[in-house]
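This is what each chain is made of:
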Amino acid sequence: MYSQTVSSAPISQSELARQLFKMTWPMLFGVLSLLSFQLVDSAFIGQLGVLPLAAQGFTLPMQMVIIGLQVGLGIATTSLISRVLGANEPERAKQLGGLVVITGGIGVFAICWLIWLLRGPVLSLLDAPLNVYPVIDAYWPVWLGSSWTGAMLYFAYSLCRANGNTMLPGIMMVVTSILNMLLDPLFIFTFDMGLVGAAWATIVAFGIGMLAVFPLVIKRHWMSFQFEGLDIPASIKELGNIMAPAMLSQLLPPLSSMFATKLVASFGAATVAAWALGSRLEFFSIVVVLALTMSMPPMVGRMLGEKDIHRIKALVNISIKFLLGWQLAVAAVLFIASPYLAELLTSEESVRSVLLIHLTWVPISLGSLGICMLMVSICNALALPMRALLISGLRLFVCFLPLLWLGTQLLGLNGLFIGAMVGNFAAGIMAWVLYQQGINVAIRKYCTE
């Protein structure tokens, strides 16, 4: 059993900051490039008119379902394989890598097929206008193919991170993103495929990424399909025990997004299109947050294993101070550049005017949203997945959606975005309080006799 005391070694703030930077910067550039291609993708689609943009807006909740599944499995992969490697079982780690790829490929394919079969009821639930249905029918088969390809590439990246390598996934994120940006205008405009062309460009780019990454993963012995000696049912159960809370936490946002999209749709197709563009800009704006959620958990996990709670607290404090300052600067830039961004992202005046409202209110609250997201990752690293799930659930269904609805009731269209802003602030405060309680739970659970 652990002793009651935690490590009392001197804490070097500069050393912690250097470690955090070293772990984060490959993921920062990788995520930045990935979000850049998504933003450029939206800019190209924005030139096609309101209907393709609206179709993309109604696609967003379904996309989040698929991403939730793959990220949940990615969290389980990193946790389990890292622990197995720490126990000096490299052969089992390789076998688990192959099992993750097979399980993830089948699971994501099944979800994609289910989304296609249920597209009618889903669009009806989201109050999609009838003129969007034909666009969806043409777009979704190819988009679902691109989602499966992207998920498979993500599983390969997860195996890299589980084995302590952030450089390879960082580089390949940049490469595939540049490929996607180069292929977008070719498929969308030169081949005259429109919205469907954007999905085909993604399939080609991610397919090339798979052909590059998977052979390297196999060559470095991070994955094997030779399962002799592996208890497959027990291993799948072990993956599921870790994955279930993490995946459920990831699947809450798409459910929330469906309710939010239904609420937004009451203001018309132009507002849905602007909401989709604004959401893409938000993802782009919190790229540092996303990178930190990938780099900090392994650091926190190692410190927890060393019973070094003081360093965990110091690391979290460093990241929070940096995050708040960074997001404040990003909000200022977005506010100043909002007229130019709106004109760049869409040619429709009705969409531009709503997007300007979004950029006026929401960005200032993204620092608080970032704290909430980071606390979810840290609680998972502290072996408190149910607390992470609680934070995710409260953020969406207590802080975000009720205030979104209340804002629309009180202030109409402007209130929609003011409600989103206030909800983000409330979520950050709530997450910080629950983290403070959680760190004490971790001390009692792992650092006491």
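Residues numbered from 1 in each chain as written. Predicted model: local features only at pLDDT ≥ 70, side-chain atom pairs only at ≥ 80, totals over all residues. Heavy atoms only, no water.

- An unreviewed UniProt entry annotates the protein chain as Multidrug resistance protein NorM of Photobacterium indicum.
- The Subcellular location (unreviewed entry) field of the UniProt record for the protein chain holds the comment "Cell inner membrane". (UniProt positions renumbered as here; feature names shortened; annotations may be inferred.)

**Here we look at the overall build of the protein chain**
- Helices and strands together make up the secondary structure of the protein chain, namely 14 helices and zero strands.
- The order of α-helices and β-strands along the protein chain, N terminus first, is α-α-α-α-α-α-α-α-α-α-α-α-α-α.
- Against the globule reference of 22 Å for 449 residues, the protein chain gives a C-alpha radius of gyration of 22 Å, in line with a compact fold.
- Along the longest, intermediate and shortest principal axes, the C-alpha atoms of the protein chain span 65 × 50 × 35 Å.
- Counting over 449 residues, the protein chain shows a buried share of 55%.
- Looking at the protein chain alone, contacts between residues at least 24 apart form 84% of all its contacts between residues at least 6 apart.
- Roughly 18,600 Å² of accessible area belongs to the protein chain as shown, and the carbon and sulfur atoms make up 70% of that amount.
- Seen as two clouds, the 22 positive and the 18 negative side-chain charges of the protein chain have centres 10 Å apart. (Helix = DSSP H or I, 4+ residues; strand = E, 2+ residues; numbered from the N terminus. Rg over C-alpha atoms; globule rule 2.2 N^0.38 Å. Buried < 20%, exposed > 50% of the residue type's maximum accessible area, 1.4 Å probe, protein only. Contact = heavy atoms within 4.5 Å. Areas by Shrake-Rupley, 256 points an atom, 1.4 Å probe, with all protein chains shown as cover. Lys, Arg positive; Asp, Glu negative; His and termini not counted. Charge placed at Lys NZ, Arg CZ, Asp CG, Glu CD.)

**What about the packing of helix H1 (residues 13–46) against helix H9 (residues 269–285)?**
- Interhelical geometry of H1 versus H9 gives an angle of 160 degrees and a closest axis separation of 9 Å. Here H1 lies roughly antiparallel to H9, going by the angle between them. Both H1 and H9 take part in a crossing whose hand is left-handed. Residues Leu32, Leu35, Ser36, Gln38, Leu39, Asp41 and Ser42 of H1 form the contact with H9, whose own contacting residues are Leu277, Arg280, Leu281, Phe283 and Phe284.
- Among the residues making up the contact of H1 with H9, the classes are represented as seven nonpolar, three polar and two charged. (Axes fitted to C-alpha atoms, helices over the stretch in contact; angles between N-to-C directions. Parallel < 35°, antiparallel > 145°, perpendicular 65-115°, else oblique. Left-handed = near helix turned anticlockwise from the far one by under 90°. Nonpolar A, V, L, I, M, F, W, Y, C, P; charged D, E, K, R; others polar.)

**So, the domain arrangement of the protein chain**
- Each assigned domain of the protein chain is listed with its residue range as follows: domain 1 (26–230) and domain 2 (252–448).
- A straight line from the C-alpha centre of domain 1 to that of domain 2 covers 22 Å.
- Tallying the contact residues gives 31 residues for domain 1 and 30 residues for domain 2.
- Summing both partners gives a buried area of about 2,800 Å² for domain 1 against domain 2, and 77% of it is carried by carbon and sulfur.
- A salt bridge links Lys262 to Asp127; the nearest nitrogen and oxygen atoms lie 3.0 Å apart. (Domains from an automatic or database assignment. Buried area = accessible area lost by both parts, 1.4 Å probe. Salt bridge = Lys/Arg side-chain N within 4 Å of Asp/Glu carboxyl O.)

**Overview of a nonpolar patch on the surface**
- Residues Phe21, Trp25, Phe29, Met167, Ile171 and Val175 make up a contiguous nonpolar surface patch of about 580 Å² in total accessible area.
- Every element with two or more residues in the nonpolar patch is listed here: H1 and helix H6 (167–190).
- The residue Val175 is located in helix H6 in this model.
- You can call Val175 partly exposed: its relative accessible area is 35%. (Patch = residues over 30% accessible without salt bridge, like charges linked within 9 Å, V, L, I, M, F, W, Y side chains within 5 Å.)

**Considerations on the packing of aromatic side chains**
- On inspection of all chains with the given rule, the structure shows seven aromatic pairs.
- Between Phe187 and Phe191, the ring centres sit 5.3 Å apart and the planes meet at 85 degrees, which makes this aromatic pair edge-to-face.
- When its relative accessible area of 45% is taken as the criterion, Phe191 is described as partly exposed.
- Look at Trp432 and Tyr435: their rings are 5.3 Å apart centre to centre, the planes differ by 40 degrees, and that puts the pair in the tilted class. Residue Trp432 and its partner Tyr435 are both found in helix H14 (residues 385–446); the two are separated by three residues, about one turn of the helix.
- Taking relative accessible area as the criterion, Trp432 reaches 27% and is therefore assigned partly exposed.
- Judged by relative accessible area, which is 2%, Tyr435 ranks as buried. (Phe/Tyr/Trp six-rings, centres within 6.5 Å; stacked < 30°, edge-to-face > 60°.)

**Regarding the pattern of salt bridges**
- The full count for this structure, using the stated rule, is five salt bridges.
- For Arg18, the salt bridge goes to Glu15, with nearest N and O atoms at 2.8 Å. With Arg18 and Glu15 both in helix H1 and three residues apart, the pair spans about one turn of that helix.
- Looking at Glu15, the relative accessible area reads 30%, which means it is partly exposed.

**Thoughts on helix H7 (residues 194–219)**
- Compared with an ideal rise of 1.5 Å per residue, which puts 26 residues at 38 Å, H7 spans 39 Å between its outermost C-alpha atoms and is within 8% of the ideal.
- His221 sits one or two residues past H7 and shows a positive phi near 65 degrees. (Expected span 1.5 Å × (residues − 1).)

**Describing the nonpolar core**
- Core analysis: the largest hydrophobic core is formed by 142 residues, its most contacted members being Trp143, Ile312, Met375, Leu382, Ile391 and Leu404.
- The residues that make up this core include at least three from each of domain 1 (26–230) and domain 2 (252–448).
- When near neighbours in sequence (up to four residues on either side) are disregarded, Ile391 contacts Cys372, Met375, Val376, Cys379, Met430, Ala431 and Leu434. (Core = buried A, V, L, I, M, F, W, Y, C linked by side-chain atoms within 4.5 Å.)

**A few points about unusual backbone geometry**
- Here the phi dihedral of Asp127 falls at roughly 60 degrees; this positive angle occurs in a residue that is not glycine.
- In this fold, Asp127 is placed in the loop between helix H4 (119–125) and helix H5 (133–162).
- Positive phi, close to 65 degrees, is recorded for His221, a residue that is not glycine.
- Looking at the secondary structure, you find His221 in the loop between H7 and helix H8 (232–265).

**Some words on the environment of Glu89**
- Turning to its location among the elements, Glu89 is positioned in the loop between helix H2 (50–86) and helix H3 (90–117).
- Separated by 292 residues in sequence, Glu89 and Ala381 have C-alpha atoms that sit 21 Å apart.

**A word on H6**
- With 24 residues, H6 ought to run about 34 Å at 1.5 Å a step, and its terminal C-alpha atoms sit 34 Å apart, in line with that.
- The sharpest bend along H6 measures roughly 30 degrees and falls at Leu183, with the proline Pro185 sitting one to four residues further on.
- Where H6 is buried, its residues touch H1, H5 and H7.
- Downstream of H6 by a residue or two, Asp192 has a phi angle that is positive, lying close to 55 degrees. (Bend = angle between axes of the 7 residues up to and from the residue.)

**What to know about the packing of H3 against H5**
- Axis separation between H3 and H5 bottoms out at 10 Å; the angle between their running directions is 165 degrees. Judged by the angle between their axes, H3 and H5 are roughly antiparallel. At the point where H3 passes H5, the crossing takes the right-handed sense. Only Asp137, Trp140, Pro141, Trp143, Leu144, Trp148, Ala151, Met152, Phe155 and Leu159 of H5 make contact with H3, whose side of the interface consists of Gly97, Val101, Gly104, Gly105, Val108, Phe109, Cys112, Ile115 and Trp116.
- Within the contact of H3 with H5, the residues separate by chemical class into 15 nonpolar, three polar and one charged.

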